[in-house]
Amino acid sequence: MAEKKKLSVSAITNGTVIDHIPANKLFTVISILGLDKLSENRMTFGTNFRSDRFGRKAIIKVSKKFFEQSDFDKIALVAPKAKLNIIKEYEVVEKWEVKVPEEIIAIAKCMNPKCVTNHEAIATKFKVLNDDGKISLKCNYCQKITTQEYMEIIK
Amino acid sequence: MKNRSLVSIDDYTKEEYLEILRVAAEFEKNPVQNILEGRVVATLFFEPSTRTRLSFESAVNYLGGRIIGFTDASSSSVKKGESLKDTILTVCNYSDLIVMRHPLEGSAKYASEVASVPIINAGDGANQHPTQCLLDLFSIQKTQGTLENLTISMVGDLKYGRTVHSLLMAMSHFNPTFKFISPVELKMPDEYKMFLDSKGIKYEEYLDLAENIKDSDIIYMTRVQRERFADPLEYEKVKNVYVLKNDMLEGTKDNLRILHPLPRVNEIDTDVDGNEKAYYFQQAQNGVYARMAIMTKMLGLK
């Protein structure tokens, strides 16, 4: 099993492997990172792998793609235990665990239709509430809570 | 408090509440002064609220200040599509202080971030209305002689009523006991009850009004509105249950006072008005003194 995993990771020469995504969040992660819009990068993904931590997990491997802090914050909102492995020349050169940020700016939309941020050109700002991996967002402006199921990421 | 905006009741500490109330009491003794002479206060009412606007304007006028502004968005450049930011930045050039009422939630917070003068939130949608809360505190302190250890019955729409939520947060500094009296559909939201639990503050929930006000020091009435009910039949069942009538006040405490943020529709029967325990009109007058205190503190004049 371990050997097989190593083999699949080393299937990309240069790029990023995102591991420990909850199985049901795979397509959300693909969408919020805009991976479905990539035209050049080779990407493979799999889901429903067995995981001690989630029961079922998903994994994404993207060639020649390296992420930035704002991407980490986005991933953390839907997959707060995700791990990123940076691959260069078949080797894992860096490992990152996403960290749920305390505050996010201009990343998510407020679900309150009467919130000022949905009517004026304002960068949204939220305090991130982390209830044991269940993420919700408290709007800095209207103070309303946006729960994970209603979370909409600004791309 | 100088130059700091007042957007939410949490913007002030317990000590700052008490300081506002102290200054408000001073103004009550001596309400006609020229302390705001040469100052311009802008009242920007993006939605109409006659009572709140008149209260602020009365406070400014008694203190010798000048007022500019508009009474609803249709008579302003907002109608032409101007952004809130542009309106605020422009009006900052014309005034020392902005009082704003806006239908969108969070609008006052945003305005306070872009403005170069302090902002007073006079209501942002269903979110916050902190000056109402401070005048409620002033009314409670005046009628009870203290804010500490009081029993407060909140009645009516406890789910959507922003005034009861702000008052709950503010009073939580003073060891109150709350009685929440409302229809099931309009119960106090869990987040507020959890907050009270975390601070060890006692509260009980009731459906019946008449039986649960006997040991109260304050009854805070709010209106049960038809549009809050998904099922009109449910509204018909409860609409008369949360109407305070004079005969219900028999056997209540002598120091009991009845507050209401106004406007009242029918939730307090007019036969209560003559009862010495009815305090809602004096409460409105207290609003003028509380707003005098808030504005002069903000401008560094007190």
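Residues numbered from 1 in each chain as written. Chains lettered and ligands numbered in written order. Predicted model: local features only at pLDDT ≥ 70, side-chain atom pairs only at ≥ 80, totals over all residues. Heavy atoms only, no water.

Description of the overall build of chain B
Then, in step 1: A tally of regular secondary structure across chain B gives 9 helices and 9 strands.
Then, in step 2: Relative to the globule expectation of 19 Å for 302 residues, the C-alpha radius of gyration of chain B, 19 Å, shows essentially globular dimensions.
Then, in step 3: Over its C-alpha atoms, taken along the principal directions, chain B stretches across nearly 55 × 45 × 40 Å.
Then, in step 4: Counting every position in chain B, which comprises 302 residues, the buried fraction comes to 55%.
Then, in step 5: Put simply, chain B shows about 12,600 Å² of open surface, and 47% of that area lies on carbon and sulfur atoms.
Then, in step 6: Here chain B carries 36 positive and 42 negative side-chain charges, and the mean point of each set is 4 Å from the other. (Helix = DSSP H or I, 4+ residues; strand = E, 2+ residues; numbered from the N terminus. Rg over C-alpha atoms; globule rule 2.2 N^0.38 Å. Buried < 20%, exposed > 50% of the residue type's maximum accessible area, 1.4 Å probe, protein only. Areas by Shrake-Rupley, 256 points an atom, 1.4 Å probe, with all protein chains shown as cover. Lys, Arg positive; Asp, Glu negative; His and termini not counted. Charge placed at Lys NZ, Arg CZ, Asp CG, Glu CD.)

Observations concerning the interface of chain B and chain A
Then, in step 1: Contacts between the two partners involve 12 residues from chain B, matched on the other side by 13 residues from chain A.
Then, in step 2: Both faces combined, the contact of chain B with chain A buries some 1,100 Å², and carbon together with sulfur accounts for 52% of it.
Then, in step 3: It is L104, E105 and Y110 of chain B in chain B that bury the most area against chain A; as a group they hold 51% of the surface buried on that side.
Then, in step 4: At the boundary of chain B with chain A, the tally comes to 1 salt bridge.
Then, in step 5: Between E105 of chain B and K144 of chain A there is a salt bridge, with its nearest N and O atoms 3.3 Å apart.
Then, in step 6: Between chain B and chain A we count 8 residue pairs in polar contact (both at pLDDT 80 or more) in total. (Contact = heavy atoms within 4.5 Å. Buried area = accessible area lost by both parts, 1.4 Å probe. Salt bridge = Lys/Arg side-chain N within 4 Å of Asp/Glu carboxyl O. Polar contact = N/O pair within 3.5 Å; in protein donor to acceptor, adjacent residues only side chain to side chain.)

Observations regarding helix α3 (residues 69-78) of chain A
Then, in step 1: Burial analysis of α3 of chain A places 8 of its 10 residues in the buried class, the great majority of the element.
Then, in step 2: Of all the residues in α3 of chain A, the buried ones are D71, F72, D73, K74, I75, A76, L77 and V78 of chain A.

Concerning the packing of helix α1 (residues 14-29) of chain B against helix α5 (residues 130-144) of chain B
Residue and element names in this part refer to chain B.
Then, in step 1: At a minimum axis separation of 10 Å, α1 and α5 run at an interaxial angle of 70 degrees. Relative to α5, the element α1 is oriented roughly perpendicular. Along its contact with α1, which presents Y17, L18, I20, L21, A24, A25 and E28, the element α5 presents L134, L137, F138, Q141 and K142.
Then, in step 2: A per-class count over the contact of α1 with α5 returns 9 nonpolar, 1 polar and 2 charged. (Axes fitted to C-alpha atoms, helices over the stretch in contact; angles between N-to-C directions. Parallel < 35°, antiparallel > 145°, perpendicular 65-115°, else oblique. Nonpolar A, V, L, I, M, F, W, Y, C, P; charged D, E, K, R; others polar.)

Focus: the layout of surface pockets
Then, in step 1: There is about 1,600 Å³ of room inside the largest pocket.
Then, in step 2: K138, Q143, K144 and I145 of chain A together with E191 of chain B are the residues nearest the centre of the largest pocket, which is lined by 45 residues in total.
Then, in step 3: Contributing elements (two or more residues each) for the lining of the largest pocket: β8 (125-131), β9 (134-139) and β10 (145-147) of chain A together with α6 (162-171) and α7 (190-199) of chain B.
Then, in step 4: Considered as a void within the structure, the second largest pocket measures approximately 870 Å³ in volume.
Then, in step 5: At the level of elements, α2 (50-62), α5, α6 and α9 (280-298) of chain B are the ones that each hand at least two residues to the lining of the second largest pocket.
Then, in step 6: Looking at which element gives the most residues to the lining of the second largest pocket, the answer is α9 of chain B, with 5 residues.
Then, in step 7: The residue inventory of the lining of the second largest pocket, partitioned by class, reads 10 nonpolar, 13 polar and 8 charged.
Then, in step 8: Residue assignment places the lining of the second largest pocket across two domains, with domain 1 (9-128 + 287-298) and domain 2 (130-284) of chain B each supplying three or more. (1 Å grid on protein atoms, 1.4 Å probe; cavity = no way out; pocket = protein on both sides within 12 Å on 5 of 7 lines; lining within 4 Å. Points joined across faces, edges and corners; volume = space filled by probe spheres on them. Domains from an automatic or database assignment.)

Some remarks on the packing of helix α3 (residues 84-92) of chain B against helix α4 (residues 107-114) of chain B
Residues and elements named next belong to chain B.
Then, in step 1: Across the interface, α3 lies against α4 with an axial gap of 10 Å and an inter-helix angle of 50 degrees. Here α3 is positioned oblique relative to α4, judged by the angle of their axes. Along this stretch, α3 crosses α4, giving a crossing that reads as right-handed. Contact with α3, carried on its side by L84, K85, I88 and L89, involves S107, Y110, A111 and V114 of α4 and no other residues of that element.
Then, in step 2: A class-by-class count of the residues in the contact of α3 with α4 yields 6 nonpolar, 1 polar and 1 charged. (Left-handed = near helix turned anticlockwise from the far one by under 90°.)

Points about the domain arrangement of chain B
All names here are of chain B.
Then, in step 1: We note that the domain assignment places domain 1 (9-128 + 287-298) and domain 2 (130-284) within chain B.
Then, in step 2: The centre of domain 1, based on its C-alpha atoms, is set 26 Å off from the matching centre of domain 2.
Then, in step 3: The partner domain 2 presents 23 residues to the 27 residues of domain 1 that form the contact.
Then, in step 4: Between domain 1 and domain 2, a total of about 2,100 Å² is buried, with carbon and sulfur atoms accounting for 65% of that surface.
Then, in step 5: Of the charged contacts, one joins E28 and K142 as a salt bridge, the two residues approaching to 2.6 Å between their closest N and O atoms.
Then, in step 6: Where domain 1 meets domain 2, there are 6 residue pairs in polar contact (both at pLDDT 80 or more).
Then, in step 7: Elements with a minimum of two residues in the side of domain 1 that touches domain 2: α1, α2, β4 (119-124) and α9.
Then, in step 8: The residue inventory of the side of domain 1 that touches domain 2, partitioned by class, reads 15 nonpolar, 6 polar and 6 charged.

As for the sheet that holds strand β7 (residues 202-206) of chain B
Residues and elements named next belong to chain B.
Then, in step 1: Read across the open sheet, the 5 strands follow the order β7-β6-β5-β8-β9; overall the sheet is parallel. The open sheet has two edge strands with one neighbour each: β7 and β9 (257-259). The mean angle between the axes of side-by-side strands here comes to 20 degrees, regardless of whether they run parallel or antiparallel.
Then, in step 2: With 5 bridges connecting them, strand β6 (residues 177-181) and β7 associate as parallel partners. Opposite F180, over in β7, you have E205 as the bridge partner.
Then, in step 3: Strand contacts of α6: β5 (151-155), β6 and β8 (218-221), with the helix running at about 165 degrees to β5, the strand carrying the most contacts. (Pairing = 2+ DSSP bridges.)

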